[in-house]
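A structural walkthrough
Here's the letter readout for the chains.
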Amino acid sequence: MNRIYNFSAGPGTLPVPVLEEASQAILEFQNSGMSILELSHRGKWYDPVHADAQVQVLATLGLSESEYALALLGGGASLQFAMLPLNFLGTGQTADYVDAGEWGAKAIGEARRVGSVHLAGSSKTTNYDRLPELTPSGNARYFHLTTNNTIEGTQVFALPETGGAPLIADASSDIFGVDRDYSQFDLIYAGAQKNAGPAGVTMVVVRKAFLETAHKNIAPMLSYATQCEKQSLYNTPPVFPIYVLGLTLKWIAAEGGVAAIAARNQAKAQRIYEALDACAPVFSSCVAVKEHRSWMNLTFRVATTELEKAFLAEAVAAGMDGLPGHRNVGGFRASIYNAFPMAGCDALAALIHDFARRKG
């Protein structure tokens, strides 16, 4: 294989051993005579795949099956923006939301369709270049935050005080990538396509005690209670993404678990940030303030439009893809999720140093 360095914000890089095993399963899964793409979601070949993925998600997060339930759903995190308030926010109730980036703002918009939202903090006035100071309402139905802001390049490392409200997180872009105490959350949702698998499956991990407080009269497809009770088999689940999710979690375990992956992620990010900080003024700035910089999505700018075009051309020629920043931010964004190799970070850091030496 002639693999390039894929800095795309998502779907992101998957481990090569996972790709190799999945490619074989596309031809024939085990000795079934069928592709993994052809297996019945209610057949004997898929049953253990589904059950194993469910067990592994909770185990990888260090959560107990007796305390937490899991749903493996389609629709991405964007569907969860709507499902969360539909299940838990009622008339006369308020939910606290943190507005620290575009995805948090979208979640707020969906919640406002259902009930009242208290902005516990917002960094919109500084173009989301930092995490905001937080002021919980003190009487919220739940407290929602985005743990990593993919577009702007900021990340939450210290979990907030919520004023007693259940803590909810969209962890789509750093799940399994930061060594947190996940038992502090009452509900976590995350699309798999950045750190845990291909696009098509979204994990929803919910504390059972919190799940019991969900509204009952909801369409079954949108009900967390129904989806968890039916083990994510109320309708046909995304079979192949769930299979690859399971393979990826086995790879994480073999690499040393979340703690080892997190340490590697921090080292990868540090390698690139050190190069950027050392190469001013050609690399004019990072988008995010230093104390809130993400390990997952490193956003930065080059001094001029001409230099930006030249740097991108050299990066592409060096086998680097996906570096242009989001259209709302501009500049560059290096997304270095769990399976992204340190060698790619070394290569980008070396290019930054060399480019600055020649152009400075």
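Preceding this paragraph is the structure being described.
Keep in mind the model is a prediction, meaning the values are calculated, not measured. What you see as residue numbers is a count from 1 along each chain, following the sequence as written. Totals for whole chains, interfaces and linings use all residues, but because this is a predicted model, local features are given only for residues with pLDDT of at least 70 and pairs of side-chain atoms are given and counted only at 80 or more. As a convention, hydrogens and water are excluded, and side-chain values are obtained from all of the structure's heavy atoms.

Once that is clear, we can look at the pairing of strand E5 (residues 143-146). Relative accessibility thresholds used throughout: buried, under 20% of the residue-type maximum; exposed, over 50%; partly exposed, between the two (1.4 Å probe, protein chains only). In DSSP terms, a helix is any run of H or I states spanning at least four residues, a strand is any run of E spanning at least two, and both are numbered starting from the N terminus. Covered by surrounding structure in E5 are Phe 143 and Leu 145 together with His 144 and Thr 146, the residues of both alternating faces. In terms of strand pairing, strand E3 (residues 94-99) meets E5 through two bridges, oriented parallel. Bridge pairing in E5 places Asp 96 opposite Phe 143. Sheet analysis places E5 next to strand E8 (residues 167-170), joined by four bridges and oriented parallel. Should DSSP find at least two bridges between two strands, the strands are regarded as paired.

This part covers unusual backbone geometry. Residue Pro 11 is bonded to the preceding Gly 10 through a cis peptide linkage, with omega at -5°. Cis peptide bonds are those with omega within 30 degrees of zero, and the linkage from Ala 280 to Pro 281 qualifies with 5°. As for its placement among the helices and strands, Pro 281 is situated in the loop between helix H8 (257-278) and strand E11 (285-286). At Gln 30, a residue that is not glycine, the phi angle is positive and equals roughly 50°. As for its placement among the helices and strands, Gln 30 is situated in the loop between helix H1 (16-27) and helix H2 (47-61).

What follows is about the pattern of salt bridges. When a carboxyl oxygen of Asp or Glu lies within 4 Å of a side-chain nitrogen of Lys or Arg, that pair is called a salt bridge. The tally for this structure, following the rule as stated, stands at 13 salt bridges. Of the charged contacts, one joins Asp 354 and Arg 357 as a salt bridge, the two residues approaching to 2.5 Å between their closest N and O atoms. Here Arg 357 and Asp 354 lie together in helix H10 (residues 342-359), a separation of three residues that amounts to about one turn. Under the relative-accessibility criterion, Asp 354 is labelled partly exposed at 28%. If you follow the salt bridges from partner to partner, you end up with Glu 314, Asp 354, Arg 357 and Arg 358 in one network.

Strand pairing within a sheet occurs via backbone hydrogen bonds; the two strands may be parallel or antiparallel. With mixed pairing, seven strands are arranged side by side in an open sheet as E2-E10-E9-E8-E5-E3-E4. Every interior strand has two partners, whereas the edge strands, strand E2 (68-73) and strand E4 (116-122), have only one. Geometrically, the sheet is characterised by an average inter-axis angle of 15° between neighbouring strands, direction not taken into account. One ladder, built from three bridges, connects E8 with strand E9 (residues 187-191); its direction is parallel. Structural elements are reduced to axes, namely lines fitted to C-alpha atoms, with helices fitted over the stretch in contact, and the angle between N-to-C directions of any two is expressed from 0 to 180 degrees.

This part is about the packing of H8 against H10. Each pair of packed helices can be summarised by the angle the axes make with each other and by the distance between the axes. Following both chains from N to C, one finds H8 and H10 inclined at 0°, their axes separated by 9 Å at the closest point. For the element pair H8 / H10, the angle class is roughly parallel. Contacts from Ala 267, Lys 268, Arg 271, Ile 272, Ala 275, Leu 276 and Ala 278 in H8 reach Met 342, Cys 345, Asp 346, Leu 348, Ala 349, Ile 352 and His 353 in H10. Tallied by class, residues from the contact of H8 with H10 come to 10 nonpolar, one polar and three charged. Just so you know how the angles are binned, under 35 degrees is roughly parallel, over 145 roughly antiparallel, 65 to 115 roughly perpendicular, and the rest oblique. Residue contacts are counted whenever heavy atoms from the two residues lie within 4.5 Å of one another. Three residue categories are used. Nonpolar comprises Ala, Val, Leu, Ile, Met, Phe, Trp, Tyr, Cys and Pro, charged comprises Asp, Glu, Lys and Arg, and polar comprises the others, including Gly.

With that settled, the discussion passes to empty space enclosed by the protein. The method is simple in principle: a probe with the dimensions of a water molecule rolls over the atoms, and the space it marks as empty is what remains. Throughout, the protein atoms alone are placed on a 1 Å grid, and a set of points is a cavity if a 1.4 Å probe fits but cannot get out or a pocket if it is open with protein on both sides within 12 Å along at least five of seven lines; lining residues have an atom within 4 Å of a point. Grid points are joined across faces, edges and corners, and a volume is the space filled by probe spheres set on the points. Evaluated as defined, the whole model comprises one cavity of 30 Å³ or more. In this structure, the largest cavity occupies an estimated 40 Å³ of space. In this structure, the largest cavity is lined by Thr 13, Leu 14, Pro 15, Lys 194, Asn 195, Ala 196, Thr 248, Trp 251, Asn 338 and Ala 339. Looking at the lining of the largest cavity residue by residue, the class counts come to five nonpolar, four polar and one charged.

Bringing the layout of surface pockets into the picture now. Space inside the largest pocket adds up to approximately 290 Å³. Here the element with the most residues in the lining of the largest pocket is helix H3 (residues 76-88); it accounts for four residues. The residue makeup of the lining of the largest pocket, split by class, is five nonpolar, 11 polar and three charged.

Stacked, tilted and edge-to-face pairs are distinguished by plane angle, under 30 degrees for stacked and over 60 for edge-to-face with tilted covering the rest, among Phe, Tyr and Trp rings (Trp via its six-membered ring) whose centres lie within 6.5 Å. Taken as a whole, this structure holds 18 aromatic pairs when the rule is applied. Ring plane angle 35° and centroid distance 6.0 Å describe the contact between Tyr 182 and Phe 185, whose orientation is recorded as tilted. Residues Tyr 182 and Phe 185 agree in their burial class; the two are buried. For the pair Phe 311 and Phe 355, a centre-to-centre distance of 5.3 Å together with 75° between the ring planes defines the contact as edge-to-face. Here the residue Phe 311 occupies a position in helix H9 (residues 305-317), and Phe 355 occupies one in helix H10, the gap between them amounting to 44 residues. Since its relative accessible area comes to 0%, Phe 311 is described here as buried. By way of ring pairs, the aromatic residues Phe 283, Phe 300, Phe 311, Phe 332 and Phe 355 are connected into one cluster.

What follows concerns the environment of Glu 133. Mapped onto the elements of the fold, Glu 133 is located in the loop between E4 and E5. Residue Glu 133 is classed as exposed on the basis of its relative accessible area of 74%. Sequence separation of Glu 133 and Ser 123 is 10 residues, and the distance between their C-alpha atoms is 8.3 Å. Once you skip the residues sitting within four places of it in the chain, Glu 133 turns out to touch Ala 120 and Gly 121.

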